[in-house]
Amino acid sequence: MPETPEAPEAPEAPEAAEASAAPEAPEVPRTAKAVPDAAAGPAPAAGSPGAPRNALDRYFAITARGSSLGREIRGGFATFFTMAYILVLNPIILGSAEDKFGAHLSTPQLVTVTALVAAVMTAIMGLGGNLPLAIAAGLGLNAVVAFQIAPLMSWPDAMGMVVLEGLIICVLVVTGLREAVMRAIPGALKQAISVGIGLFIAFIGFVDAGFVTRIPGETGSTPVQLGAVGHLTGWPVLVFCVGVLLTVALMARRVKGAILISIVVSTVLAVVVNAIADIAPAAWGLTVPSVPDDLVAAPDFGLVGSFSLFGAFQQVGVVTIVLLIFTLILSDFFDTMGTVVGVSQEAGLLDEKGDVPNIGRVLLIDGAAAAVGGAASASSNTAYIESAAGVGEGARTGFASLVTGALFAVALFLTPLATVVPAQAAAPALIAVGFLLMAQVRHIEWESYEIAIPAFLTIAVMPFTYSITNGIGAGFLAYVVIKAALGKAREVHWLLWATSALFVVYFAIDPIEQLLGVK
């Protein structure tokens, strides 16, 4: 789903600092402010505004980060509802594909493993990373598994490759390489990643709601359009528009729980509209807002453990396997990097150097999530940018992730209820979060072309190519090339040069595969 603001260049305003220390500060998150981590130093003196109230508060540093238990709970709910679509979408993507032998994965089993891995790994992120980050099956990554890897081998073999990808990422974390890359990125590029992700998730919201659609079969015209036919049509889009207006009105009035209130109200409106109007189910997209016949559905864990770690080597060549794993790692690596930094920055959790607290543990948990996702046949799991919706509700600690994880656990048994919220009711939250992340653009030094151009490309490529990784790659390549052209190559950290070289391979993967004869 962005990285850290330049702390020295963007000093915190006094009033923003005061707001971050107050337990009941306005709900709209502040950016570019450092908030102490749970283990960052001695606890505040007893009786001071930041003194922990109990063991739970002390462990998660809820008060120290300017939050409250109510905000964390609301944030956890908001994050869950904005990403609950994955319970529907991941089974559709994986279940619609077939492997080399014509086998399909069971949809009920896919729903179970999607919820199971999200519940477990999100809770672990909350406990171990103490960040308001939720984890679930990565979109884009699951498409690679379904449509690029599975057709070459069996499903267990394909999931085994996902496990290998996760294990390799864990090795990169343990050796410090993954964290070192994150620290080597200039602050302005980190800010640009935040802005790019803001535009990206806002665009996702518009597309998911049907407010913006692709023009089918058209050539020589604009690639997207307003509504389905060039103007807004249908009740579902109206629900989305009402939701957006409600969300921005509540945010402008600094109403607590603005995003969550909007999701709930919009869902109720969608259910009512769907009940009284003649609406084709397809008009709502993946989720039709109707009261389910059954509230409880028994989970089916049949896919858990159905993977073969090295089975792929018996189906395809080593070169092909290396290229496929490289594609998974690169996408997962930088999508996570952008998401972790963007969400942390929006929550005001970056330190004075612009680094994420507990970053080593956070990245290790994310890498483990990829491996666990493969072991459960849920595809690679990763941190979700929709976590920013929880931050928008005031979440600042891992307790919000515990709430989100608990809701995914409940969804194991209450899948019908969890999938009542249509995209049109959840998408307004993405628009709101896009606005909040967009605010980082003011910290970029636009007068300096050597940083402004890479920042612009980072921001623009993300939404226009529907990929966080593509945006980061474009920004990195432009940055090192411009620095070299200006005779400042030595100013670029060697890890950025190495990473940029990998992005050259990433962007040129098709001709490379042709040259190697693997395509």
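As a reminder, the structure under discussion sits directly above these lines.
If you're wondering where the values come from, they're calculated on a predicted model, not measured in any experiment.

Novice: Account for the overall build of the protein chain, with residues named and values stated.
Specialist: The secondary structure content of the protein chain amounts to 21 helices and four strands. In the protein chain, which comprises 519 residues, the proportion classed as buried is 58%. As displayed, the protein chain has an accessible area near 20400 Å², and 68% of this comes from carbon and sulfur atoms.

Novice: Describe the packing of helix H6 (residues 141–149) against helix H7 (residues 155–174), with residues and values.
Specialist: Two elements in contact, H6 and H7, have axes whose closest approach is 11 Å; the angle formed by their N-to-C orientations is 140 degrees. As far as their axial angle goes, H7 and H6 are oblique. Viewed along their axes, H6 and H7 form a crossing whose handedness is right-handed. Taking contact as the criterion, the partners of Val145, Ala146 and Ile149 in H6 are, on H7, Trp155, Ala158, Met159, Met161 and Val162. A breakdown of the residues in the contact of H6 with H7 according to their chemical character gives eight nonpolar, no polar and no charged.

Novice: Go over the packing of aromatic side chains, please, and point to the residues and values.
Specialist: Taken as a whole, this structure holds 15 aromatic pairs when the rule is applied. With 5.5 Å between their ring centres and 65 degrees between their planes, phenylalanine 80 and phenylalanine 81 make a pair best called edge-to-face. Seen from their ring centres, phenylalanine 503 and tyrosine 506 are 6.0 Å apart, and the 85 degrees between their planes marks the pair as edge-to-face. Here tyrosine 506 and phenylalanine 503 lie together in helix H20 (residues 494–507), a separation of three residues that amounts to about one turn.

Novice: Before we move on, can you summarise the pattern of salt bridges with the specific residues and values?
Specialist: Considering all chains together, one arrives at four salt bridges under this definition. The residue arginine 74 makes a salt bridge to glutamate 393 at a minimum N-O spacing of 3.8 Å. Placement of arginine 74 in helix H3 (residues 69–83) and of glutamate 393 in the loop between helix H14 (387–392) and helix H15 (398–411) is noted, with a sequence separation of 319 residues between them. Lysine 488 is paired through a salt bridge with glutamate 450; the nearest N and O atoms lie 2.9 Å apart. One end of the pair, lysine 488, is in the loop between helix H19 (468–485) and H20; the other, glutamate 450, is in helix H18 (residues 449–465), and 38 residues separate them in sequence.

Novice: Tell me about the nonpolar core, and please be specific about residues and values.
Specialist: Formed by 98 residues in total, the largest nonpolar core has its most connected members in Ile149, Trp155, Phe334, Ile472 and Phe476. If one sorts the elements of this core by residue count, helix H12 (residues 318–346) sits on top with 13 residues. Core analysis: the second largest hydrophobic core is formed by 20 residues, Ala118, Ala119, Phe399 and Val403 among them.

Novice: Can you tell me about H7, naming the residues and giving the values?
Specialist: With 20 residues, H7 extends 29 Å between its outermost C-alpha atoms, agreeing within 8% with the 28 Å of an ideal straight helix rising 1.5 Å per residue. Among the 20 residues that make up H7, 14 are buried, leaving the element largely enclosed by the rest of the structure. In the stretch just after H7, glycine 176 is the one whose phi turns positive, near 85 degrees.

Novice: Mind laying out the environment of proline 422, listing which residues take part and the relevant values?
Specialist: For proline 422, the location among the structural elements is in the loop between helix H16 (415–418) and helix H17 (423–438). Accessibility expressed as a relative area gives 1% for proline 422, which makes it buried. Considered as a pair, proline 422 and tyrosine 85 are 337 residues apart in the sequence and their alpha carbons are 8.0 Å apart. Setting aside residues up to four positions removed in sequence, proline 422 forms contacts with Thr267, Ala270, Trp284, Thr287 and Pro289.

Novice: Tell me about the packing of H19 against H20, and please be specific about residues and values.
Specialist: As a packed pair, H19 and H20 sit with axes 9 Å apart at the nearest point and diverge in direction by 125 degrees. One way to sum up the angle between H19 and H20 is to call them oblique. When you trace H19 past H20, the crossing you get is left-handed. Within the contact between the two elements, H19 uses Thr469, Asn470, Ile472, Gly473, Ala474, Phe476, Leu477, Tyr479, Val480 and Ala484 and H20 uses Leu496, Trp497, Thr499, Ser500, Phe503, Val504, Tyr506 and Phe507.

Novice: Go over the environment of leucine 246 with me, naming the residues and quoting the values.
Specialist: Along the polypeptide, leucine 246 turns up in helix H10 (residues 235–252). Taking the C-alpha atoms as reference points, leucine 246 and serine 262, separated by 16 residues in sequence, lie 6.3 Å from one another. Look past the residues within four positions of leucine 246 in its chain and what remains in contact with it is Ser262 and Val265.

Criteria and thresholds
Residues numbered from 1 in each chain as written. Predicted model: local features only at pLDDT ≥ 70, side-chain atom pairs only at ≥ 80, totals over all residues. Heavy atoms only, no water. Helix = DSSP H or I, 4+ residues; strand = E, 2+ residues; numbered from the N terminus. Buried < 20%, exposed > 50% of the residue type's maximum accessible area, 1.4 Å probe, protein only. Areas by Shrake-Rupley, 256 points an atom, 1.4 Å probe, with all protein chains shown as cover. Axes fitted to C-alpha atoms, helices over the stretch in contact; angles between N-to-C directions. Parallel < 35°, antiparallel > 145°, perpendicular 65-115°, else oblique. Left-handed = near helix turned anticlockwise from the far one by under 90°. Contact = heavy atoms within 4.5 Å. Nonpolar A, V, L, I, M, F, W, Y, C, P; charged D, E, K, R; others polar. Phe/Tyr/Trp six-rings, centres within 6.5 Å; stacked < 30°, edge-to-face > 60°. Salt bridge = Lys/Arg side-chain N within 4 Å of Asp/Glu carboxyl O. Core = buried A, V, L, I, M, F, W, Y, C linked by side-chain atoms within 4.5 Å. Expected span 1.5 Å × (residues − 1).

In short, shape yes, function no, at least from these values alone.
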